[in-house]
Amino acid sequence: MAGTKANGAAARLGRWLRDPLFAFLLIGAAIFAVDVWLRDDQSRIVVVTQAQADRLAALWAMQMGRPPSTSELAALIEDHVREEILVREAKRLELGDGDVIVRRRLAQKLSFLTEDVAALEPVDDDALQRFFQENRQRYETPAMVSFSHIYFSPDRRQDVRADALAALASLDPDGWRIAGDPFLLGRTYAHASFARIRKDFGAPFAEQIGELEVDAGWQGPLQSGYGIHLVRVDAKTPARGADYRSVAGRVAADFDADRRAEANRAYFEHLRSQYAVVLP
């Protein structure tokens with residue numbers, strides 16, 4: 001009985017082995033295995049071209065001021081091979097997946113490539129002059145003011161304004177640096193733009209200081225975001241327009257920066273249109 005079953009199984013196996021479909025599947029599996037083996041084998045071959053060796057030697061010469069010796073070049077190539085192997089293994093292990101630094105660096109590198117393409121387009125002087133006219137405010141010298149101030153803190157005093165007025169009436173010209181309360185940002189500002197004054201003290205203070213007279217002694221009190229101040233204005237410089245020739249270098253640099261930014265924006269918008277974003 002057992003022999004009969006064994007003979008039947010052997011007969012069925014023989015039919016399967018002779019079946020063309022079985023042969024086709026076997027050949028397909030073999031081809032797939034060979035393809036996987038070849039691809040894996042190729043991924044473990046590091047080829048250092050002459051161009052890469054020349055680039056390594058050129059970088060060395062740029063840094064050291066002389067060409068590398070034979071042993072130094074060999075060490076450079078070995079370092080390159082080591083880095084290549086580690087990078088491939090890191091990719092194989094998917095170590096970059098989910099790494100914030102790697103993600104940001106890849107995004108930054110793609111942005112740089114987009115900007116470099118935009119920078120290849122030539123630009124003529126007429127385009128730069130049009131850019132200058134459209135953005136003249138960038139190149140104007142802003143109004144400046146030089147002043148000193150004495151600060152009175154509402155956190156240290158019960159009637160801060162009354163204390164400031166009393167100090168104004170009896171201020172010693174040589175003792176103003178120790179009058180009032182300590183102020184973290186300093187007591188003297190030299191050639192400060194009104195944008196900086198607004199940033200440090202607030203817009204109302206900047207507007208008030210713009211109305212004070214130069215060389216009129218101590219004036220005030222003025223209100224800022226910190227408290228009360230007595231102010232002495234030492235100098236004011238009005239805003240000045242810019243001549244194109246005097247700022248041509250800045251104009252060219254700004255034009256290039258704006259062009260790169262626009263190329264980045266347009267490229268990303270193109271990419272963004274090809275993606276569907278699902279939000280939570």
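Parameters at a glance
- Chains are numbered independently. Their residues run from 1 in the order of the written sequence.
- Reporting of local features is limited, given that this is a predicted model, to residues whose pLDDT is at least 70; pairs of side-chain atoms are given and counted only at 80 or more, and all residues count toward the totals for whole chains, interfaces and linings.
- The side-chain values count all of the structure's non-hydrogen atoms but skip hydrogen atoms and water molecules.
- Fitting a line to C-alpha atoms yields each axis, with helices limited to the stretch in contact; the angle taken between N-to-C directions then spans 0 to 180 degrees.
- Secondary structure elements follow DSSP: runs of H or I of four or more residues count as helices, runs of E of two or more count as strands, with numbering from the N terminus.
- Handedness of each helix crossing follows the sense of rotation of the near helix against the far helix: counterclockwise by less than a right angle gives left-handed, clockwise gives right-handed.
- Residue contacts are counted whenever heavy atoms from the two residues lie within 4.5 Å of one another.
- Any residue outside Ala, Val, Leu, Ile, Met, Phe, Trp, Tyr, Cys, Pro, Asp, Glu, Lys and Arg is labelled polar, Gly included; the first ten of those are nonpolar and the last four are charged.
- Under the scheme applied here, a residue whose accessible area is under 20% of the maximum for its type counts as buried, over 50% as exposed, and between as partly exposed, the area being computed with a 1.4 Å probe on protein chains only.
- The arc in question is formed by the directions pointing from the helix axis toward the C-beta atoms.
- Strand pairing requires that DSSP identify at least two bridges connecting the strands.
- Here, a salt bridge means any Lys or Arg side-chain nitrogen found within 4 Å of an Asp or Glu carboxyl oxygen.
- We call a set of buried residues a nonpolar core when its members are Ala, Val, Leu, Ile, Met, Phe, Trp, Tyr or Cys and they connect through side-chain atoms within 4.5 Å of each other.

*Asks:* Can you break down the packing of helix α3 (residues 50–64) against helix α4 (residues 70–92) residue by residue, with the values?
*Replies:* Between two packed helices, what matters for the description is the angle formed by their axes and the separation of those axes. Interhelical geometry of α3 versus α4 gives an angle of 115° and a closest axis separation of 10 Å. Here the hand of the crossing between α3 and α4 comes out right-handed. In this structure, α3 uses Gln52, Ala53, Arg55, Leu56, Ala57 and Trp60 to contact α4, whose residues at the interface are Glu72, Leu73, Leu76, Ile77 and His80. Residues of the contact of α3 with α4, tallied by class, amount to 7 nonpolar, 2 polar and 2 charged.

*Asks:* Report on helix α8 (residues 194–201), specifying residues and quantitative values.
*Replies:* Those residues of α8 not exposed but buried are Phe194, Ile197, Asp200 and Phe201. The buried residues of α8 occupy an angular sector of 125° when the element is viewed end-on, so they sit on one face. The elements touched by buried residues of α8 are β1 (144–152), β2 (188–193), α9 (203–211) and β4 (228–237). Following α8 by one or two positions, glycine 202 adopts a phi angle in the positive range, close to 105°.

*Asks:* Tell me about the sheet that holds β2, and name the residues and values.
*Replies:* Across the sheet, 4 strands lie side by side as β2-β1-β4-β3; this open sheet has antiparallel pairing. Bordering the open sheet on either side are β2 and β3 (218–223), each of which pairs with just one other strand. Across the sheet, the axes of successive neighbouring strands diverge by a mean angle of 40°, strand direction being ignored. Direction of pairing for β1 relative to β2: antiparallel, over a ladder of 4 bridges.

*Asks:* Go over the pattern of salt bridges with me, naming the residues and quoting the values.
*Replies:* When their charged atoms lie close together, side chains carrying opposite charge are able to pair. With the rule as written, the count across this model stands at 13 salt bridges. Taking the shortest distance from any N to any O, the salt bridge between glutamate 84 and arginine 88 comes out at 2.8 Å. Placement of both glutamate 84 and arginine 88 in helix α4 is noted, with a separation of 4 residues, approximately one turn of the helix. By relative accessible area, which is 25% here, glutamate 84 ends up partly exposed. Classification of arginine 88 by relative accessible area gives partly exposed; the value is 26%. Glutamate 262 is the salt-bridge partner of arginine 265, the closest N and O atoms lying 2.6 Å from each other.

*Asks:* Any chance you could break down the nonpolar core for me, citing the residues and the numbers?
*Replies:* Grouped burial of nonpolar side chains is what soluble globular proteins tend to show. In terms of nonpolar packing, the biggest core is built from 16 residues, with Phe147, Ile197, Phe201, Phe205, Ile209 and Val231 touching the most fellow members. For this core, the secondary structure elements donating two or more residues are β1, β2, α8, α9 and β4. With residues near it in sequence (within four places) discarded, isoleucine 209 still touches Phe147, Phe194, Ile197, Leu222, Val231, Val233 and Lys236. By size, the runner-up hydrophobic cluster in this structure holds 11 residues, among which are Val160, Ala179, Trp218 and Leu230.

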